[in-house]
Amino acid sequence: MSHSRRRAGILAVVLAAAMALGAVAVSSGAGAASGPREVHIDIRYSRFSEQRIEVAPGEAVRFVLVNRDPIAHEFIVGDARMQLVHERGSEARHAPRPGEISIPAGTTRATTVMFGADSVAGFTLFGCHLPGHYAYGMTGAIEFVR
């Protein structure tokens, strides 16, 4: 099986699962009075230190990403459709948008995501879509828990 066929197969399975189980509303809105919860994620050897993060529907989360690699990465939060758009896309760098950031080598970047109160039990995804990174396994899931 060719590398691109295998990659497409893996992506199709992930996309189908995510579409069946949930979605995310991404916005730049503020969280509770105490501010958003912070989740720190290190990037090393083209892997996220966290592959599964629990989030309550309606919760704001500030993701702080530390890229310890000598190469750039990105962090894209969104449902299976968004992941597919980015996997097929050509955006080499992302302007800072909630849930879509680029993290140059050796830097720290943050993004705040407000997860919709209407998010149901299930999950959404995060990943890096620079060439070959997602297929290599640079992805994870955000699980909605009540």
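Here the structure is a predicted model, which is why all the values come from computation and not from measurement.

Draft legend 1. Layout of the overall build of the protein chain. Helix and strand counts for the protein chain come out as 3 helices and 9 strands. Secondary structure elements of the protein chain occur, N-terminal to C-terminal, as α-β-β-β-β-β-α-β-β-β-α-β. Here the analysis covers contacts within the protein chain between residues at least 6 apart in sequence; of these, 72% occur between residues at least 24 apart. If you sum the accessible surface of the protein chain, you get close to 7,700 Å²; carbon and sulfur atoms cover 57% of it.

Draft legend 2. The arrangement of the pairing of strand β3 (residues 52-55) in detail. What you see with β3 is a clean split: I53 and V55 sit on the buried side and R52 and E54 on the side with no burial. Across 4 bridges, β3 lies against strand β9 (residues 139-144) in parallel orientation. Considered in β9, the bridge of V55 is made with F144.

Draft legend 3. Here's a closer look at the sheet that holds strand β2 (residues 47-48). Ordered by their spatial adjacency, 4 strands build an open sheet running β2-β1-β4-β7, and the pairing between neighbours is mixed. Since the sheet does not close on itself, it has two edges, and those belong to β2 and β7 (108-114), each with one partner. As judged from the 7 bridges shared by strand β4 (residues 60-67) and β7, these two strands associate in the antiparallel manner. Residue pairing across strands places A60 opposite M114, the latter belonging to β7.

Draft legend 4. Representation of the sheet that holds strand β6 (residues 100-103). Reading across from one edge, β3-β9-β8-β5-β6 is the order of the 5 strands in this open sheet, with mixed pairing throughout. Single-partner strands in this sheet number two, and they are β3 and β6. Strand after strand, the sheet turns through a mean of 20 degrees between neighbouring axes, direction not considered. Sheet topology note: the strand β5 (residues 73-78)/β6 ladder contains 4 bridges and is antiparallel. Counted as the bridge partner of H73 is I103 from β6. Across the sheet, helix α2 (residues 80-88) lies against β5, β6 and β8 (122-127), angled at about 150 degrees from β5, the strand it touches most.

Draft legend 5. A look at the packing of aromatic side chains. Counting across every chain of the model gives 6 aromatic pairs. Arranged with centres 5.8 Å apart and planes meeting at 80 degrees, the rings of F48 and F75 form a pair that is edge-to-face. Remark: F75 occurs in strand β5 and F48 occurs in strand β2; sequence separation between them is 27 residues. Here F75 falls in the buried class, since its relative accessible area comes to 0%. For the pair F63 and F75, a centre-to-centre distance of 5.2 Å together with 50 degrees between the ring planes defines the contact as tilted. Here F75 lies in strand β5 and F63 lies in strand β4, a separation of 12 residues in the sequence. In textbook terms, an aromatic cluster arises when at least three aromatic residues are bridged by ring pairs, as seen for F48, F63, F75, F115, F126 and F144.

Draft legend 6. Focus on α2. Within the span of α2, buried status applies to A80, Q83, H86 and E87. End-on view of α2: buried residues confined to an arc of 125 degrees, all on one side of the axis. Those residues of α2 that are exposed and aimed more than 90 degrees away from the buried face are R81, V85 and R88.

Reading the values: rules and limits
- Every chain is numbered independently, its residues counted from 1 as its sequence is written.
- Local features in this predicted model are restricted to residues whose pLDDT is 70 or higher, and side-chain atom pairs enter the listing and the counts only when it is 80 or higher, whereas totals over whole chains, interfaces and linings include all residues.
- Hydrogens are left out, water is left out, and the side-chain values use all remaining heavy atoms of the structure.
- Secondary structure elements follow DSSP: runs of H or I no shorter than four residues count as helices, runs of E no shorter than two count as strands, and numbering proceeds from the N terminus.
- What makes two residues a contact is simply this: any of their non-hydrogen atoms within 4.5 Å.
- Per-residue and other accessible areas were derived by the Shrake-Rupley procedure at a 1.4 Å probe size, with only the shown protein chains allowed to occlude residues.
- Relative accessibility thresholds used throughout: buried, under 20% of the residue-type maximum; exposed, over 50%; partly exposed, between the two (1.4 Å probe, protein chains only).
- Between any two strands, pairing holds if DSSP finds at least two bridges.
- Lines fitted to C-alpha atoms define the axes, with helix axes restricted to the stretch in contact, and inter-axis angles between N-to-C directions lie between 0 and 180 degrees.
- In this scheme Phe, Tyr and Trp rings, the latter by its six-membered ring, pair at centre separations within 6.5 Å, and the angle between planes marks the pair as stacked below 30 degrees, edge-to-face above 60, and tilted otherwise.
- Taking the helix axis as origin, the arc is that swept by the directions to the C-beta atoms.

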